[in-house]
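Observations on chain architecture
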Amino acid sequence: MTTDVTDTGVGTIRSGILGGGFMARVHRAAVRNAGGEVTSLATSSLSSAERVARSLGVERAQSAPDLLADPGIDLVHVCTPNATHAQLALAAIAAGKHVVCEKPLATTPADADLLVEAAAREGVVGAVPFVYRYHPMVREARARVLAGQAGALLSLDCGYLQDWMLHESDDDWRVQSATAGDSRAFADIGSHLCDLIEFVTGERIMRLTARTRRVFQDRGGNTVDTEDIAAVLVEMESGALGSLLVSQMAPGRKNALTLEIHGSRETLRFEQERPEELWLGGRESSALLLRDPATASADSARLQTLPAGHAMGYQDAFNGFMADVHAAIAGAEPEGLPTFADGRRAAIITDLVLQSASTNSWIEVPV
Ligand code: SOE
């Protein structure tokens, strides 16, 4: 179920996308699904913007300054290399635009602070696509934990594994801190994992310790100064202990986010590559809960746009996120929308992971 913003007097929300890679394609599809329009796109050059706009069916290619200044654009999507996120999002807010900024929201906590403050000051919606919150079975897990069905939180066994940076030739702007920020793997995907842990458990990470590994020192002539792998231990508010393994060099793991939560009554396990399922482990028996609107909790049911047995996936989760962004612009307060405050939280945790790795110590995480 999506909120039809045209019924709320806001009219059709018109988006402009900064960036032309994979995420630009995903954002465009989600905007259209939400009833919005992508009217403009900008990349690093007008010629490439024209090519990408044509391929995505976007009516106009503009320069980034022209797009940001365009009075016909309501919502700006920042889908550019990490190190440019903060400045572009701040410029969009200054122009009175709502903003969806790809993670990491900013490469430093200080810049993330500026963005949270600017969005609040200008009264615009600022959202970060922690879209795994929008898988219906993640909402089922959250509903069970918050209702006490899992019992007291004891421990967590989580990971986010990919393999697309495995080869030396897989280098791109992400391998260097000048364009990616000081963290790569953890900022890119560890941020999703920490957001999901706190979202599903309803608890904050209180302290952590981390080790990071950089496999290549050099890729294709570029010095690599960002990590490929991070191993993190966390302690939650309840005292529960968790292990997180984040790697972009795990052969065969394409986008394997796994969240396993051990409660005193039941274990819940969600695997992003099997998003229709939630495994419920018990001392006497276990079960595999399959997505079904007929038996869903309220917060999960509202995200279910397909009947049971018709698999919903990654783009559906992104669509659910974007529908909530449009609803928020229309004045609603959708449950679980990840905002710039959540993006700042991720920037803080990422910074502390690097600090812990460099000092080989446990570090307190501010609430
Ligand atoms: C690449 O690691 C990536 O596209 C991330 O940037 C996304 O946030 C994640 O959802 C999928 O993988």
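The rules behind these values
- Residues numbered from 1 in each chain as written.
- Predicted model: local features only at pLDDT ≥ 70, side-chain atom pairs only at ≥ 80, totals over all residues.
- Heavy atoms only, no water.
- Salt bridge = Lys/Arg side-chain N within 4 Å of Asp/Glu carboxyl O.
- Helix = DSSP H or I, 4+ residues; strand = E, 2+ residues; numbered from the N terminus.
- Pairing = 2+ DSSP bridges.
- Buried < 20%, exposed > 50% of the residue type's maximum accessible area, 1.4 Å probe, protein only.
- Polar contact = N/O pair within 3.5 Å; in protein donor to acceptor, adjacent residues only side chain to side chain.
- Contact = heavy atoms within 4.5 Å.
- Near = heavy atom within 4 Å.
- Areas by Shrake-Rupley, 256 points an atom, 1.4 Å probe, with all protein chains shown as cover.
- Nonpolar A, V, L, I, M, F, W, Y, C, P; charged D, E, K, R; others polar.
- Domains from an automatic or database assignment.
- Buried area = accessible area lost by both parts, 1.4 Å probe.
- Disulfide = S-S within 2.5 Å.
- Arc of directions from axis to C-beta.

Taking an unreviewed UniProt entry as the reference, the protein is identified by name as Dehydrogenase belonging to Microbacterium keratanolyticum.

For the structure shown, the criterion picks out 24 salt bridges. Residue Asp-342 is joined to Arg-133 by a salt bridge in which the shortest nitrogen-to-oxygen separation is 3.2 Å. Within this pair, whereas Asp-342 is found in helix 11 (residues 340–359), its partner Arg-133 is found in the loop between strand 6 (126–127) and helix 6 (136–146), the two being separated by 209 residues in sequence. Counted as one network, the salt bridges with shared partners bring together Arg-139, Arg-142, Asp-299, Arg-302, Asp-324 and Glu-335.

Backbone hydrogen bonds are what pair the strands of a sheet, in a parallel or an antiparallel way. A sheet is described by the order of its strands in space; here 6 strands give the open sequence 3-2-1-4-5-6, paired in parallel fashion. Strands at the two margins of the open sheet, each flanked by one partner only, are strand 3 (60–61) and strand 6. When strand 4 (residues 75–78) meets strand 5 (residues 98–101), the two strands line up parallel, connected through 4 bridges. Bridged to Leu-75 within strand 5 is His-98.

Okay, the side chain of His-262 next. Along the chain, His-262 turns up in strand 13 (residues 256–263). The exposure class of His-262 is buried, given its relative accessible area of 18%. Only 2.7 Å separates the side chain of His-262 from the side chain of Ser-155, close enough to count as a polar contact. When residues no more than four places from it in sequence are discounted, the contact partners of His-262 are Ala-152, Leu-153, Leu-154, Ser-155, Leu-156, Asp-157 and Thr-267.

This part covers the site of the ligand. Taken together, the residues surrounding the ligand are Lys-103, Tyr-132, Tyr-160, Gln-162, Trp-164, Asp-188, Ile-189, His-192, Gln-248, Asn-255 and Tyr-314. Interatomic distance of 2.7 Å between a side-chain N/O atom of Asp-188 and an oxygen atom of the ligand. Relative to its unbound accessible area of 310 Å², the ligand is 88% covered by the protein chains. It is helix 8 (residues 185–201) that contributes the most residues to the shell around the ligand, 3 residues altogether. Of the residues that constitute the shell around the ligand, the class distribution is 5 nonpolar, 4 polar and 2 charged.

According to the domain assignment, the protein contains domain 1 (14–131) and domain 2 (136–308 + 339–364). Once you take the C-alpha centre of each, domain 1 and domain 2 turn out to be 25 Å apart. Each partner contributes to the interface: domain 1 provides 24 residues, whereas domain 2 provides 20 residues. Buried surface at the junction of domain 1 and domain 2, both sides included, amounts to about 1700 Å², of which 71% is carbon and sulfur. Of all residues in domain 1, Lys-103, Pro-109 and Phe-130 give up the largest surface area on contact with domain 2, accounting jointly for 34% of the area buried on that side. Joining domain 1 to domain 2, the criterion identifies 2 salt bridges. Between Asp-113 and Arg-344 there is a salt bridge whose closest N-O contact spans 3.0 Å. Applying the counting rule to domain 1 against domain 2 returns 5 residue pairs in polar contact (both at pLDDT 80 or more).

With that settled, consider the state of the cysteines. What is meant by a disulfide is a covalent connection between two cysteines, made through their sulfur atoms. Evaluation of the coordinates by the stated rule reveals 0 disulfides. Sulfur of Cys-79: no disulfide; nearest cysteine sulfur belongs to Cys-101 and is 8.3 Å away. Residue Cys-79 is classed as buried on the basis of its relative accessible area of 13%.

Moving on, we get to helix 2 (residues 46–56). Each full turn of the α-helix corresponds to 3.6 residues, which orients residues three or four apart in the same direction. By the burial criterion, the buried members of helix 2 are Ser-48, Ala-49, Val-52, Ala-53 and Leu-56. When helix 2 is viewed along its axis, its buried side chains cluster within an angular range of 135° and face the same direction. For helix 2, the exposed residues lying more than 90 degrees away from the buried face are Ser-47, Arg-51 and Arg-54. Along its buried surface, helix 2 packs onto helix 1 (22–33), strand 2 (37–42) and strand 3. Note on helix 2: the residue one or two positions beyond its end, Gly-57, has a positive phi of about 70°.

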